[in-house]
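Fold and contact review
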Amino acid sequence: SAVISQKPSRDICQRGTSLTIQCQVDSQVTMMFWYRQQPGQSLTLIATANQGSEATYESGFVIDKFPISRPNLTFSTLTVSNMSPEDSSIYLCSANYGANVLTFGAGSRLTVL
Amino acid sequence: GQQVMQIPQYQHVQEGEDFTTYCNSSTTLSNIQWYKQRPGGHPVFLIQLVKSGEVKKQKRLTFQFGEAKKNSSLHITATQTTDVGTYFCAGPKDSNYQLIWGAGTKLIIKP
């Protein structure tokens, strides 16, 4: 089955700093997705990352706050910029391996102090 | 906008009792997917239903897709501690490459 490696698994950051989350998939995929999940809540899509083009952001998320890179078909990064405590959450990367079924990375649990 | 409603939010059961979660979409879906998220874990794909009225089983789990392809259910018979977690349904958005997620139903086994 598909494997997605995501790091860091968790981090504690200071307000005003930025953190970059990395996501590596084990085979080439066209689309990768970045989600945010608050504790006890459902998944909220931040953006869709396609290789070779700008990421497509969902309502309420902007590139300046959540810049995304997708340099090739097996790798993507999400940066959470100028963090505040409201950014404390779990960030999940995922990939579509076919039939719109998603495989997820283990998630990055971010705490902002 | 397109929505997927899921109930209940929580279900507390004694081990050995049954568990059911329901999803209802505001629009007809081409398919519906179910995922399980263990405590502290990430969502893991369980199954995809495509056909109207489809019923699929995975051991003690039974998944149904409604005739109108707007609702779905997951039923677990005789729950075990390994079933603990949150179960999410998800359906394709109009764009077809994104998913609309239900709120999830958390299965809690009473001590």
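Quick summary incoming for the structure in this document. Note that the coordinates shown come from a computational prediction; the quantities given were computed from them, not determined experimentally. (Residues numbered from 1 in each chain as written. Chains lettered and ligands numbered in written order. Predicted model: local features only at pLDDT ≥ 70, side-chain atom pairs only at ≥ 80, totals over all residues. Heavy atoms only, no water.)

As for the environment of V55 of chain B
All names here are of chain B. Note the cut-off: Helix numbering and strand numbering both begin at the N terminus, where a helix is a DSSP run of H or I of at least 4 residues and a strand a DSSP run of E of at least 2. Each residue gets one of three labels from its accessible area relative to the maximum for its type: buried under 20%, exposed over 50%, partly exposed in between, using a 1.4 Å probe on protein chains only. For this analysis, residues touch if any pair of their heavy atoms sits within 4.5 Å.
By the secondary structure assignment, V55 is in strand β6 (residues 55-58). The exposure class of V55 is partly exposed, given its relative accessible area of 46%. Sequence-wise, V55 and F65 are 10 residues apart; in three dimensions their C-alpha atoms are separated by 6.5 Å. Those residues in contact with V55, other than ones at most four positions away along the chain, are T62, F63 and Q64.

Quick notes on the nonpolar core
As a reminder of what qualifies: For the purposes of this section, nonpolar cores are sets of buried Ala, Val, Leu, Ile, Met, Phe, Trp, Tyr and Cys residues that join through side-chain atoms within 4.5 Å.
Counting residues in each nonpolar core, the largest one holds 25 residues, and the members touching the most others are W34, I46, F66, I68, L78, Y91 and L110 of chain A. Residue assignment for this core shows that the elements contributing at least two residues are β3 (19-25), β4 (31-37), β5 (43-50), β8 (75-80), β9 (89-96) and β11 (108-112) of chain A. With 4 residues, the single largest contributor to this core is β3 of chain A. Sequence-distant contacts of I68 of chain A, defined by excluding residues within four places in its chain, comprise W34, A47, A49, A55, Y57, S76, T77 and L78 of chain A. If you look at the next biggest cluster of nonpolar residues, it comprises 20 residues, including W34, I47, F65 and I76 of chain B.

Quick notes on the state of the cysteines
Let me state the cut-off plainly: Count a disulfide wherever a pair of cysteine sulfur atoms falls within 2.5 Å.
Within this structure, the stated rule accounts for 2 disulfides over all chains. Across a sulfur-sulfur distance of 1.6 Å, C23 of chain B and C89 of chain B are joined as a disulfide pair. One quick way to see it: the torsion about the S-S bond of C23 of chain B and C89 of chain B is about -85 degrees, and its sign makes the bridge left-handed. With C23 of chain B in strand β3 (residues 19-25) and C89 of chain B in strand β9 (residues 85-92), this residue pair connects regions lying 66 residues apart in the sequence. The exposure classification of C23 of chain B matches that of C89 of chain B, with both residues buried. Between C13 of chain A, a free cysteine, and C93 of chain A, which holds the nearest cysteine sulfur, the sulfur-to-sulfur gap is 17 Å.

A closer look at unusual backbone geometry
Residue K7 of chain A is joined to P8 of chain A through a cis peptide bond whose omega torsion reads 5 degrees. Within the fold, P8 of chain A resides in the loop between β1 (4-7) and β2 (10-13). Unusually for a residue other than glycine, K59 of chain B sits at a positive phi of about 55 degrees. Mapped onto the elements, K59 of chain B comes out in the loop between β6 and β7 (61-65). In this structure, A78 of chain B takes a positive phi of about 50 degrees despite not being glycine. As for its position among the elements, A78 of chain B is in the loop between β8 (71-76) and β9. Its relative accessible area of 31% is what places A78 of chain B among the partly exposed residues.

A few points about the interface of chain A and chain B
To be explicit about the condition: By buried area we mean the combined loss of accessible area, with a 1.4 Å probe, across both parts when two parts are placed together. What makes a salt bridge here is a side-chain nitrogen of Lys or Arg within 4 Å of a carboxyl oxygen of Asp or Glu, nothing more.
In this complex, chain A contributes 19 residues to the contact, which on the side of chain B involves 17 residues. Together, the buried faces of chain A and chain B total about 1500 Å²; carbon and sulfur atoms form 52% of this surface. When the buried surface of chain A facing chain B is broken down by residue, N100, V101 and F104 of chain A rank first, second and third, together holding 31% of it. Viewed at the interface, chain B and chain A are joined by 1 salt bridge. Close ionic contact of E58 of chain A with K93 of chain B constitutes a salt bridge, the shortest N to O distance being 3.4 Å.

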